[in-house]
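Coordinate inspection notes
Single-letter residue listing:
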Amino acid sequence: MAKTDIQGTLDLLILKTLSQTGELHGYGIVLHIQTASAELLRVEEGSLYPALHRMEQKGWVNSQWALTETNRKAKYYKLTAVGRKQLQEAEKSFEQLVKGLRAMLRYA
Amino acid sequence: MSLFRRITNLFSRGRLEREIQDEVHSHLDLRTAGNIAAGMTPEQARRDALLRFGNPIVIRERIVAVDAGLGVEMLFRDLRYAFRQFQRNPTFAITVIGTIALGIAATVAVFSVVHSVLLRPLPYRQPDRLVVAIGEMRKRNTSDLPFSSPDFVDLENGAKRMFEGFAGVRTGKMLLEHRDGGMEQIRTASITTNFFSLLGGKILLGRDFNQTDAPAQVGILDATTPTRAAQNTAPPAILSYEYWQRRYGGSPSVIGQRLSSGANNGSEIIGVLAPGFELLFPPRADVERLPDVWIATRLTYNNADRKTLMYRVIGRLKDKVSLANAQSEVDGVAAELRREFSLWQTSDCHIQLQPMHQYLVAELKPSVVALMGAAAFLLLIACANVANLLLVRMSLRERELAIRNALGGGRWDLVRQVLAEATLLAGAGTVFGLGIAWAAIHELSNFALPNQPLLASVSLDPTVIGFAALFGIVAATLFGIGPVLYVSRPALMTVLRSSGRNSLLAGGRLLRNGVVITEIALSFALLVGAGLMLRSFLKLQNVDPGFDARNLLTFQVIAPQPSNPEQRSAFTRKIHDSLMSISGVAGVTAATPFPLADQFFPIRWGTEQALGDSSRFQSADYQVVLPGYFETLKTPLLTGRSFTNADNTPERNLVVIDQLLAAKAFPHESAVGQRILIRLRTPEPEWVEVIGVVAHQRDTSLAEAGREEVYLTDGFMGHGFTTRWAIRTSGDPASYGAIVRSRLAQLNGQTVLTEIEPMDELVRQAKATTRLAFILIGAFSVVAVLLAALGVYGVLSTSVRQRTSEIGVRMALGATRIRVFSLIVGQGLRLGASGILIGCAVALCLSQWIRSLLVETKVADPLTYFGITITFCLIVALASWLPALRAASVDPMRALRSE
C-alpha cells in the first residue's frame, strides 16, 4: 500500500534533491525543487524546515553550518545511509501511488 | 536514537531555539539576496522573502512542535505549572493530598490483607490442584470431620481415576525426654509417607519418607477392639528446619540420630525439611501450623478403627480434572462405605471436597471482603471530596481559564492542565498513603487475629505496591473527571461577557451537588456498617459465656503419665492439692478440652429411642473435668448436683449435662436421674446417668451459642486425661504464674508448664475478630463522615458566596436573618436527605456482606438505621451552620453595592 500523504511527497522531494546535489541548505533545496521540476512544483518555503527538522530527528539527514558561495552562514543538509534507504522506499512507494492513481483515472 | 535526541533537545531548548532562529534568518537572507539579484529593490526583496516564507514565529513553533509531538515537553510544562499552582495555595494542596493519602492508605492496608489471604496462592506445588476432603455426618448435623485410618485407605484406593493421590496428617504435642534428663514439649505431625511429595515440601538434608518407612498395619480386619499403637520399632522422623536450628544448631550430623533416648520416641531422624513449610488449616481444624517434628504414620486397616476420626486429608486432583468430577468419584466411595458400615449409614456420612485455599479462608473471607468494601468506600469518598474541592477551585479560576481560552489556549490544553494537576495530587497522595499503610500494616500484624495462619504473612510486597499505584491512577481519574467535564464545556467564553460575578458557579452546582450527595450516601452506608458492628460488639461484651472469666488463671500441665490409673489419680490429686495450698487461690480444677482454649469434638449421644433406631443418635460436645469444675468457673448449676470426688472413678457412669442438651433430650421432664447413651470410651454407646444440669457454656466462640454439651469426670476417662488447669485467684491472676511454676517444679522435675493465660485473655482473643472489624470499619466510617461533612460545608459556603447579592436583595426586601439562616441550612438538609435516602438503599443491599460478622444483630437493624439517620442530620446541620451564619450576617447595603 502506498503512502498517499502530502508530507511523504515533500519528504521524497527533499530526499531526492539531497541525493542529487550531495549537500545543500534549505534555500538551495527550494530552488532545486523549483528548477528541477521545471517550475511545476513550488514548495511553501516555511514548511520545509519542520520537515527537515523531523528528518534530522529520524536520522535520515544530518546537518552542519557552513558558508555559502556568497559568504553567508547557512545550515547544510546531507543524506545519511538511513536516509538513502528511506529514499529508495519513498520512491518505490511513490511509483505505486502513481500507478494506483493512473489505474483509477483510466478506470473512470 | 531519535527519541533520545528529542529528549535531549528538551534540555538544550535555548540552543535549539537559537539555531532554528539562525536558520530562518539565513533562509530569509538568502532569498532576499536572490530577489535583489533578480532585480527587486531591497524592501521589495525582503517583503517577498517574508511572504514566501510565512510567519517565522509560527514556523519556529511548528519546528519545535516536531519534538513536542512526543508529549514529554508538554507534560513537563503542565506539571511545572500545576506545581506552581499548588505552591501558591499550599493549604489546598495539603488538604487534597492528605485526603487522598487517607483513602489510599486504608485501601492499600486492607488490600495487603486481601492479597495475602485471598489472592496469593498457597505455598505448595500447584496449589490450585489441592483439595481438602472432609467428612459430613448429615443426620447428626456435624461437618468438617477428619478421617479414620481405614476410611482414608478406602478413599485412597477408591478414588484413583481423578486423583493423583491423597495425603493424611494429624498433629499433636509430645513430651520428649532428652539425654540430659530434661523434658521438652514439641509439636508433632504424623503424616502419610507421601505427604511431602504430594504437597511439594522440599527436603533440605537427608531424604524424604518412602513407603517402606511405615508399612501398612496388617491387622485382623474385624477385630472387636481398635488397633493399639504398640510398636517394636518407632517410625522415622523428619525435622522442621526451625526445630533443627533451635535444637541441633543446624548440625548435619543429626541424620541417623534418634529423636530421644526414650524407647517410645526413639524415631530415627532421616531428614530435615527446607525452611518455611507450613500446615495451612483453619483454626477449627485443630492442626498445628508449624510442627517441630514430622513422623511417618502407619495406616491401619481394621474396621474397629473406623470410629477414630483423626486424619485431615488433602487430595491432589489430576490435571484437567474438574472439582465436580472429583466430587462424584468421591461420592461413589462414600456411597460404598455407607452400604458397608453402620456408622456411615446411620449418621448419613458423606465426603465433601473443597479447594484447599477456599477451605482455609472460608471463615476469614467475609470479614476481609467487608473490610475491602469499607476501604474502597473510603477511597471513593476521598475522591469525591477532592473532586469537589477541585471543582470549587476551578470555578474561582473561571475567569483565568476563560482568558487563557480566549488567548488561544485550546480546550485540550486546559483539559491536559487539569489532568496534570490531578496526577500530581494523586501521585503525592499515593506516596504518603503508602507510608501510612506501611505503618498501619505493622500495627495490624501486632493486632493480628490469633490462629489465622495467612494473616501472619501480610506485608507490603511489590504486588501490593503495584496495586497502590493502580489505586492512585483510579483516584486521579475519579476526581479529575469532574473538573475535566467542567473545563471542556463550550460555554466558557460567556464568562468574559458576564460581569464580575461568577455566574458559571451555578452551572457547576449540579455536578457538585451530585458529588456531595454521593459522598453522603457512601459515608452513610459505611456508618451503618460501623453501627451494626458496634451493636454486635456490645452484644458480645454482654454475652454470658456461662463462666466467670475474671480472676481465673489457666495453664497446661504436661507430665509423663504413670501407667496405672491409681498412680495417675494420685498424681492429679497432688497437683490439685499443691495448687490449692497457694495462698489466695480459692478454687482449682482442670478440664480437657477447656473453653476458648482448646478445640471441641462432638461425640454421639442418644436416648432410649436411639437403641432401636441408631439414626436417632445426635452430636454433642463433651468435656472431661475434675470435680469442682463448675464451682471454680462459677458455671451456674440449674438442677441436681455437680460432681464430687466420689464420682471421680471409672466405675461411676455419671454425667452432668447442660441446659441445651437437657431441653433436647428430655423436653417434658426433669433430666436429673435419667439415662442417656454416649459413645466415647467404648466402641459402642454405653449408658450414663444424668446427675445435674448446668447453664450452657460458650466453648469455641463467644459469638455463637455452640453445641449441646455433656460433662464427664476425669476418673470416667481413667484419670490423667485433663491437662488444662484453672485456678481462681484473688487479685490479678497473671501474678500467680511464677508461684504455680515453682510449685509444679517441686512436685515433679519433668513437668512442663505451658500456655499460661488468664481466662480474661482467652475471652479477649475470642472477641478479636469482632473487635478488629468494629475498630477498622468504625475508623473508616468516622473519617468518611468527616470528609462528607467537609464536602457539605464546601458546597454550602461556595453557594453562600455566590448568592451574596441575592441574599442582600432578600434582606433588603425584609427577609429576617433567621429566614436567611434557615434557607442555607435547609439547602444543606435537602442535600443530606437525598444522600441519606440513597445511602439507606446502598446500606441495605451491601450489609448482607457483613452478615457473618454480626453477633445477634439483624442486618436491617432498625435502631441502627434510625440512630445513624439522626446522627447524619445533625452532622449535616452542623456542616451547614457556619455558611448559614455567614449568610445571615450579610450586610444588605454592602452586598447590593458590590453588585
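Residues numbered from 1 in each chain as written. Chains lettered and ligands numbered in written order. Predicted model: local features only at pLDDT ≥ 70, side-chain atom pairs only at ≥ 80, totals over all residues. Heavy atoms only, no water.

1. Structural notes on the overall build of chain B
Counting its secondary structure elements, chain B contains 29 helices and 21 strands. In chain B, buried positions account for 52% of the 899 residues. Counted over contacts in chain B with a minimum sequence separation of 6, partners at least 24 positions apart contribute 81%. (Helix = DSSP H or I, 4+ residues; strand = E, 2+ residues; numbered from the N terminus. Buried < 20%, exposed > 50% of the residue type's maximum accessible area, 1.4 Å probe, protein only. Contact = heavy atoms within 4.5 Å.)

2. Structural notes on the overall build of chain A
Along chain A, the regular secondary structure elements total four helices and three strands. Residue burial in chain A is summarised as follows: out of 108 residues, 45% are buried. Put simply, 48% of the contacts in chain A that link residues at least 6 apart link residues at least 24 apart. Total accessible area on chain A stands at roughly 6500 Å², and carbon and sulfur atoms take up 56% of it. (Areas by Shrake-Rupley, 256 points an atom, 1.4 Å probe, with all protein chains shown as cover.)

3. Describing the sheet that holds strand E1 (residues 23-25) of chain A
The strands making up a sheet associate through hydrogen bonds between their backbones, and the pairing can be parallel or antiparallel. Residues and elements named next belong to chain A. Strand order in the open sheet made by the three strands is E1-E3-E2, with antiparallel pairing throughout. Both outer strands of the open sheet, E1 and strand E2 (61-67), are each paired with one neighbouring strand and no more. Taken over all neighbouring pairs, the strand axes of this sheet differ in orientation by 35 degrees on average, direction set aside. In terms of strand pairing, E1 meets strand E3 (residues 73-79) through three bridges, oriented antiparallel. Within E3, the position partnered with glutamate 23 by the bridge is lysine 78. (Pairing = 2+ DSSP bridges. Axes fitted to C-alpha atoms, helices over the stretch in contact; angles between N-to-C directions.)

4. Looking at a positive patch on the surface
All names here are of chain B. Taken together, the side chains of Arg77, Arg80, Arg84 and Arg88 define a basic patch exposed on the protein surface. Secondary-structure assignment places arginine 77 in helix H5 (residues 72-88). What makes arginine 77 partly exposed here is its relative accessible area of 40%. (Patch = residues over 30% accessible without salt bridge, like charges linked within 9 Å, V, L, I, M, F, W, Y side chains within 5 Å. Salt bridge = Lys/Arg side-chain N within 4 Å of Asp/Glu carboxyl O. Lys, Arg positive; Asp, Glu negative; His and termini not counted. Charge placed at Lys NZ, Arg CZ, Asp CG, Glu CD.)

5. As for the nonpolar core
With 127 residues, the main nonpolar core has Phe195, Phe196, Trp294, Phe479 and Phe872 of chain B as its most contacted residues. Not counting residues up to four positions away in its chain, the partners in contact with phenylalanine 195 of chain B are Ala167, Gly168, Val169, Phe277, Leu279, Trp294 and Ile314 of chain B. Residues Leu18, Ile33, Tyr49 and Trp60 of chain A belong to the second largest nonpolar core, which totals 30 residues. (Core = buried A, V, L, I, M, F, W, Y, C linked by side-chain atoms within 4.5 Å.)

6. Observations regarding the packing of aromatic side chains
A complete count under the given rule lists 24 aromatic pairs over all chains for this structure. In this structure an aromatic cluster arises from ring pairing among Tyr124, Phe195, Phe196, Phe209, Phe277 and Trp294 of chain B. Positioned over the ring face of tryptophan 65 of chain A is lysine 73 of chain A, at 5.0 Å from the centre of the ring. For the cation-ring pair, arginine 675 of chain B lies above tryptophan 687 of chain B, with the distance from its terminal atom to the ring centre recorded as 4.0 Å. (Phe/Tyr/Trp six-rings, centres within 6.5 Å; stacked < 30°, edge-to-face > 60°. Lys NZ or Arg CZ within 6 Å of the ring centre and 35° of its normal.)

7. Details of the pairing of strand E9 (residues 312-317) of chain B
Residue and element names in this part refer to chain B. Burial analysis of E9 places six of its six residues in the buried class, which makes it a mostly covered element. The side-chain alternation of E9 yields two buried faces, one formed by Arg312, Ile314 and Arg316 and the other by Val313, Gly315 and Leu317. Here strand E1 (residues 130-137) pairs with E9 via four bridges, running antiparallel. By the bridge assignment for E9, alanine 133 is matched with valine 313. Bridge analysis of strand E3 (residues 163-177) against E9 gives six bridges, and the strand direction is antiparallel. The residue bridging phenylalanine 166 from the neighbouring strand is glycine 315, located in E9.

8. Some points on the interface of chain B and chain A
Counting from both sides, the interface comprises 22 residues of chain B and, opposite them, 26 residues of chain A. Ranking the residues of chain B by area buried against chain A places Glu23, His27 and Leu30 of chain B at the top, with a combined share of 28%. A salt bridge links arginine 31 of chain B to glutamate 45 of chain A; the nearest nitrogen and oxygen atoms lie 2.4 Å apart. At the junction of chain B with chain A, the criterion picks out six residue pairs in polar contact (both at pLDDT 80 or more). (Buried area = accessible area lost by both parts, 1.4 Å probe. Polar contact = N/O pair within 3.5 Å; in protein donor to acceptor, adjacent residues only side chain to side chain.)

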